[in-house]
Each structure stands twice: as C-alpha cells, then as structure tokens.
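# Fold and geometry: a report
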Amino acid sequence: MINSTEIKPGMCFTWEGELYQCIDIALNKTAMAKMKVKVKVKNPRTGVVKDLSLISGDKCGEAHIDKREMQYLYNTGDAYCFMDTETYEQIEIPAERLEWEKNFLTESLMVNIQVYENEILGVILPDKVTLELVECEQAVKGDTATSALKNAVTETGLEIKVPMFIQNGEKVVVSTIDGKYSSRA
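Residues numbered from 1 in each chain as written. Predicted model: local features only at pLDDT ≥ 70, side-chain atom pairs only at ≥ 80, totals over all residues. Heavy atoms only, no water.

## Description of the side chain of Thr 106
Take Thr 106: it is sitting in the loop between β9 (90–94) and β10 (110–116). Among all residues touching Thr 106, those that are not within four sequence positions of it are Tyr 72, Leu 131, Glu 155 and Thr 156. (Helix = DSSP H or I, 4+ residues; strand = E, 2+ residues; numbered from the N terminus. Contact = heavy atoms within 4.5 Å.)

## A word on the sheet that holds strand β7 (residues 66–75)
Spatially, five strands are ordered β9-β8-β7-β10-β11 in an open sheet, and the strand pairing comes out antiparallel. Taken across any chain shown, the strands that pair with only one partner, and hence form the sheet edges, are β9 and β11 (119–124). Put simply, the sheet's adjacent strands are angled 45° from each other on average, direction ignored. Across five bridges, strand β8 (residues 79–83) lies against β9 in antiparallel orientation. (Pairing = 2+ DSSP bridges. Axes fitted to C-alpha atoms, helices over the stretch in contact; angles between N-to-C directions.)

## Side note on the pairing of strand β6 (residues 59–62)
Pairing of strand β1 (residues 2–3) with β6 involves two bridges; the strand directions are antiparallel. Along β6, the bridge assignment pairs Asn 3 with Lys 59.

So this is what it looks like as structure tokens:
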C-alpha cells in the first residue's frame with residue numbers, strides 16, 4: 001500500500017478496486033485540515049480520464065504494469081495478433097480495443113504490450129512509424145508559395161496531410177501521437 005501523497009505522474013495504482021494511471025497530481029494543504037490530493041487519472045482498461053479527490057491518509061494499492069515487447073503479425077478481422085519474439089507465444093487483442101493504434105500497425109512492427117496480472121491492457125506504439133502512401137493527390141502548380149499540404153492515404157488507411165513534393169508510393173514517417181506527417185523515410 002502507498003500513501004496518496006506518494007503518487008507521481010505516470011505511476012499506476014488501484015483505488016476502490018479500479019486500476020488507474022496518474023496523469024497529474026495537485027496537493028493542497030490548508031490550516032486545520034488534512035491535505036487534499038487531487039489526482040487526474042486515466043483508466044488503462046477503458047481509456048476514461050477523470051479526477052479523484054483523496055486526502056493525505058488514504059492508502060492506495062500498488063499496481064505493477066509489465067511491458068512485453070512483441071511483434072505485430074496479422075489482423076484476423078476482429079482481432080490483432082502479436083507474437084513474443086523470445087517465447088513465440090501469440091496473443092490476440094480485440095480490434096475494438098485498438099481503434100487508434102490500428103492506423104499504425106504494419107507487419108513485423110515491434111510494439112510494447114501492457115500487461116497487468118495477466119490481463120492485456122493495450123499496446124504502446126513507437127513514437128514514429130514508417131508507412132507507405134497508397135493514394136496521394138497530385139500537386140497543383142502554383143501552390144508551392146507557402147508550405148502547402150495535400151491529402152494522402154497510408155497503407156493502413158490513415159488519412160494524413162503531406163507536403164506537395166511527396167509522391168504516391170513513397171514511404172513517410174508519421175507520428176503515432178497525433179497522426180501527422182513527420183518526414184520522408
């Protein structure tokens with residue numbers, strides 16, 4: 001058990017039977033009252049972000065989230081299959097739990113899988129991935145006076161904006177945080 005005042009951003013803990021990850025914490029001490037602890041948390045199972053109000057004497061359970069590096073293999077339609085490259089163990093994660101991540105999953109991509117007490121919480125993608133463009137608008141002459149962008153679609157179906165000089169079939173580096181073009185590959 002840990003005291004509520006010992007919680008730090010990024011730390012995972014349990015409170016009232018629920019698993020939470022701390023995003024931000026604010027401590028407020030006033031005279032003649034216990035310290036108030038406001039914790040902005042995210043539920044790793046559901047992705048819901050909310051605020052918890054605790055006091056300094058509250059005890060939270062420690063939660064150890066394991067990260068296992070795995071390789072993305074294929075999509076079955078309703079699930080995504082990953083393999084541990086050391087033990088060759090394969091796991092499937094339902095597609096509805098990977099709505100954002102599926103935009104960046106390409107064959108053989110190495111990702112980290114979050115595991116809490118043998119329960120798979122989700123996938124941690126690398127900061128940037130390389131994707132091939134399968135559809136790209138043609139550049140219009142005269143649009144290059146400013147840093148103009150055009151629409152493009154990647155091999156995973158993600159729609160992004162790319163600079164005018166990028167052509168169909170090229171590989172580009174895309175940020176997995178916001179889904180924006182970063183550079184040529």
